[in-house]
Every structure is written in structure tokens, then in C-alpha cells.
Amino acid sequence: MKSSTSPTTPASAHTKGEKGHILPTHNHNGHKITKHIEPEGESGRKGIHPLHFFKICWTSASDASRIVNLLWPVVPAAIAVRYAKKDMHLAIFILNYIAMVPCANLIGFAGQELARKLPRVFGILLETTLGSVVEIVLFMVLLHQNEIQVIKAAILGSILATLLLCLGMCFFAGGLRYDEQKFEEAVSEVGNGLLLTAGLGLAVPTAFYVALQTETARISAEELTASTLSISRIASIFLIVAYGIYVFFQVRTHHGIYDALLETDELNDADRHKDLRKAKLTFTECILALSISIALVTLIAIALVEQIPWIVKERGVSDAFIGLILIPLVEKAAEHLTAVDEAWDNQMNFALSHVLGATIQTALFNAPLAVVVGWGLHKPMDLNFELFDMVVLILAIIVVGNFLRDQKSNYLEGALCVVIYCIIAVAAFYYPDPLGHGTGETTTTTETGGH
């Protein structure tokens, strides 16, 4: 057993500002560094220690995350009600909706702990990917339940929630503590360029369908639907390729630029000394936490999606509001908390990397993945979005790009982003479902165009 007092850092440990050719053997806490583990992620332990595991997970990474952990009692309650009281549809939906938040928070925390043990740029990408696990699981469950309209709304809703709500909260939270925050051009410009590219890629099938929708003399409705489906599938493959190039760009060819920027950002953290002293999970404990949380998220997502038809039919809530607003809020909760906490600590490059990285992954990978999986399951999942959703998305990308252009942020810009998101939420609440849409029942038919 180690003493509860702070260990004395050995002379061989790496210290701030130290330069030399000898690799450090101990980190800032005096823990011997394990091979292939970054010094800041070294826990000083191996294997699984139940008491340490639960204590570290409970204390989490930030005050907001610790507050979210108070919702854990809702998780067993949600699971129990689903099986014991199957006719309590509203209670099942509400309980599982709330239960998703602490589970997603655990995925985010375990991903953050695992990312600390890896090189910075790769760690950020891995953390963003793990943060999107909830979204991918929800998309797959919705696809299995044939909730095609909800998936389409959720894809764009996820991008809007991250771009406007999360980024707005980052700007606002950081602006309350600092008059003005700055971030690097390499982070904002690459992210904004990819967002515009992704937005255009997602818009092409919708533009094709809308342009020919009234041209019945040139193309029949069945042919138009089949052509739009084929275009969506081909576009999805190209978007996934684009995401692969983006990952290669960050991890391999230009990782040095991003690594230097993020290292500088870490030094701007006013609470860095506290974070370095916190106890950390072992690699095995990170994997265990991720396994538990992903299993719970899958179970809760199934229960949540099962209630959507009842909510739409009996409560009059549109698919647009559920997909565009409700689902993105819960699936992105962990990423939002992480990004806002980083902005509060004046780590704007980290916050932007999380916000833009999550948005880019949804647009370039998660959405196309849903189309490709639907293709394999012979389901008519395409990228033909509602015109309202697509117009709002493109305008949001342009607005956010304009805010990022000067590489500065303040609480006014953050407040404006949140206000715009609230206006979109109100419009989505009143947006009607498509004619003939039967709350998931009409989408059960197989695809009408090419295999």
C-alpha cells in the first residue's frame, strides 16, 4: 500500500522546463512510467482496484461531471421499470432519457483517462471517437427499429447541438472568466473548412431530390427516390474516405503542429497542477469502465427508442423535435461537459478540438456509417433530409465559421449561438411530420432502388 501523503518526486523524474536527451523514468507524482504510457496518464498502479476504481469514477473530471454522477440511481430504476411496468411508456422514456446522461458521462470520463495515456493528438481523436459511441449506438438502434426520419433529424440535430449549443456554452463559460480567449488558426481553419465540405456533401442528395421533385415529366417519383438513395450511398463512401484522410492528416503528416498547440494549451490551464495530482485509472480500469458504460448505453438506447412511436402518437411530439433536439442533447452530454470545462480552464484549443472534432465525425463518419449499414440491411436510409433542416445546418456552419475567423471568442458570441439554437428548437417543436408518416411504421418497407 502506498502512503496517502504526496510522494516525493525522484531526481530522475521529468520536471517543467527540463531539457535533455534522457527520457524521464518517473512522472510528476513520482510514479514509475510504464512503457508506451504518457507520463501524465501514469496511474502508478496495475490491474483493477475496486475501491480506487469507484472512487476515481465518482469524483470524475470536473464539478459538472460530479453533479451528473448523482443521477446514477436513475439507471437501475430505468432498467427495472422497463421490464416491470411495460405499459408505463412515458415513465420509461423519461427515466431512460435521464439514465443515458450518467452512462454517457462515464464513457466520456473513461475515454479522457485513456486519452491521457496516449500521445496528445491521437488521444484527442480517440476521446472524440469514444464520445461518439453513444451516437453510433443510438443510430444503429433507431435503424433497427426503422425510425429513418428520426435518424435523419438526429444526424443534423447532433451537428447543430455541438456547433451552436456546445460551442456557444464554451464561449460563454470562458467569457465569464476571461474577457477574451484566443485559439489557433490551425485548429479553427481546418475544422471550419471540413465543416463546409461535410455540409455540402450532406446537402447534395437533398438538393438533387428537391430540384427534381416537381419535374414529374422528366423522372417518376419512384425513379427519383431510387436515384437519391443511390447518390446517398455513393456520397457516404466518399465522406468516409474524407474522414480517413482527415484522421491521417492529424495523426501522421501534421501531428507535430497540433501536438505543439495542445501542449501550449495545457500550460494555460490554471488548474493544471490540481489535475496532475488527481488519481488516475489504470489502462485495465479504463477498458472496464468503457465496457460497462457502453453495455448500459446500448441497453438504455433500446428502451428509449422503443418508446418513440408512443411518444409521437400519444403525446403529439414530432419526429423532428425528438431527432433534432431531444436525442442530440442526451447523446452529446459527455462531450459538451468536457468541452465547457476546458473552455472554463482557458484551454480553447482543446475545447475547439473536441467541438469541431465531434461535429466532423458525425458529418463525415457517423452519418455515412448509418447509410452504409442501412444499405447492408436493405433499409432505405439515405441523406435526403428535410429542406428546413438542411438550410438551418448550412446557415449554422456559416455563422460559426464567421465567429471562428478572428480566432477570438467572448461571452457575447457564446450567448448568440445559444440563442440561435433555442430558436431552432422552437421551430423544430412546431415542425410537422411528413405526410403519410406513421411513426416508424411506414419506413419498414425494403429499399426501392439498387442493391
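Everything quoted here is computed from the prediction, not taken from an experiment.

For the chain, the helix and strand inventory stands at 18 helices and two strands. Counting all 451 residues of the chain, 51% fall into the buried class. Put simply, of all contacts in the chain between residues at least 6 apart along the chain, 82% involve residues at least 24 apart. When the accessible surface of the chain is split by element, carbon and sulfur atoms take 65% of a total near 20800 Å².

Within the secondary structure layout, Q250 lies in helix α9 (residues 221–253). When the C-alpha positions of Q250 and F122 are compared, they lie 8.1 Å apart, and in sequence the two are 128 residues distant.

Two residues of an α-helix separated by three or four positions point the same way, owing to the 3.6 residues in each turn. Taking 1.5 Å of rise per residue, 30 residues should cover 44 Å, and helix α7 (residues 148–177) covers 42 Å from first to last C-alpha, within 8% of that figure. If you look at α7, its biggest bend is around 30°, right at A161. Most of α7 sits out of view: 25 of its 30 residues are buried.

On to helix α1 (residues 50–59), then. Listed as buried for α1 are F53, I56 and C57. The arc that holds the buried residues of α1, viewed along the axis, is 95°, so those residues lie on one side. Away from the buried face of α1 by more than 90 degrees, exposed residues L51, F54 and K55 are located. In the stretch just after α1, S60 is the one whose phi turns positive, near 60°.

Here we come to the environment of V372. Position of V372 relative to the elements: it lies in helix α16 (residues 348–376). Distance from V372 to I240, taken between C-alpha atoms, is 10.0 Å for residues 132 residues apart in sequence. In this structure, V372 is in contact with S236 and I240, ignoring residues within four places of it in sequence.

Take the nonpolar core next. With 109 residues, the main nonpolar core has M100, L160, L202, I308 and I322 as its most contacted residues. The element that contributes the greatest number of residues to this core is α7, accounting for 17 residues.

The next subject is the pattern of salt bridges. A full pass over the atoms with the stated rule returns three salt bridges. The shortest N-O distance in the salt bridge between R177 and D345 comes to 3.5 Å. One end of the pair, R177, is in helix α7; the other, D345, is in the loop between α15 (333–344) and α16, with 168 residues separating them in the sequence. The exposure class assigned to R177 is partly exposed, which follows from its relative accessible area of 33%. Classification of D345 by relative accessible area gives buried; the value is 4%.

Despite not being glycine, H378 has its phi angle at roughly 60°, a positive value. Secondary-structure assignment places H378 in the loop between α16 and α17 (387–404).

According to the stated counting rule, one finds nine aromatic pairs in the structure shown. For the ring pair Y243 and Y246, a centre distance of 5.9 Å and an interplane angle of 45° mean the geometry is tilted. Linking Y243 with Y246, this pair stays in helix α9, spanning three residues, or about one helical turn. The exposure class of Y243 is buried, given its relative accessible area of 11%. Using a relative accessible area of 9% as the deciding quantity, one classes Y246 as buried. With 5.3 Å between their ring centres and 85° between their planes, F321 and F429 make a pair best called edge-to-face.

Right, let's talk about the side chain of S409 for a bit. Position of S409 relative to the elements: it lies in strand β2 (residues 408–409). A residue is classified by how much of its surface remains accessible, and S409, at 2% relative accessible area, is buried. In this structure, S409 is in contact with F171, D179, E180, Q181, F183 and M348, ignoring residues within four places of it in sequence.

A cluster of nonpolar side chains, contributed by F172, L176, W344, Y411, L412 and L416, occupies part of the molecular surface with about 610 Å² of accessible area. Sorting the residues of the nonpolar patch by element identifies α7 and α18 (411–430) as the ones contributing at least two each. No other element matches α18, which puts three residues into the nonpolar patch. Relative to the elements of secondary structure, L416 occurs in helix α18.

In this structure, A110 sits in helix α4 (residues 89–116). Overall, the relative accessible area of 0% leaves A110 in the buried class. Spatially, the C-alpha atoms of A110 and L288 are 8.9 Å apart, while their sequence positions differ by 178 residues. Leaving out residues up to four positions away in the same chain, A110 has contacts with C286, A289 and L290.

Looking at the chain as a whole, the pLDDT averages 81, with 80% of positions reaching at least 70. Across residues 438–446, confidence stays below pLDDT 50; counting only partners more than four residues off in sequence or on other chains, it has 16 contacts.

Time to look at the side chain of N366. Take N366: it is sitting in helix α16. Look at N366 and you get buried, because its relative accessible area is 1%. In this structure the side chain of N366 is engaged in a polar contact, spanning 2.5 Å, whose partner is the side chain of E135. If near-sequence neighbours (up to four positions away) are discounted, N366 is found in contact with S132, E135, I136, F139 and Q361.

Calculation criteria
- Residues numbered from 1 in each chain as written.
- Predicted model: local features only at pLDDT ≥ 70, side-chain atom pairs only at ≥ 80, totals over all residues.
- Heavy atoms only, no water.
- Helix = DSSP H or I, 4+ residues; strand = E, 2+ residues; numbered from the N terminus.
- Buried < 20%, exposed > 50% of the residue type's maximum accessible area, 1.4 Å probe, protein only.
- Contact = heavy atoms within 4.5 Å.
- Areas by Shrake-Rupley, 256 points an atom, 1.4 Å probe, with all protein chains shown as cover.
- Expected span 1.5 Å × (residues − 1).
- Bend = angle between axes of the 7 residues up to and from the residue.
- Arc of directions from axis to C-beta.
- Core = buried A, V, L, I, M, F, W, Y, C linked by side-chain atoms within 4.5 Å.
- Salt bridge = Lys/Arg side-chain N within 4 Å of Asp/Glu carboxyl O.
- Phe/Tyr/Trp six-rings, centres within 6.5 Å; stacked < 30°, edge-to-face > 60°.
- Patch = residues over 30% accessible without salt bridge, like charges linked within 9 Å, V, L, I, M, F, W, Y side chains within 5 Å.
- pLDDT = per-residue confidence, 0-100.
- Polar contact = N/O pair within 3.5 Å; in protein donor to acceptor, adjacent residues only side chain to side chain.

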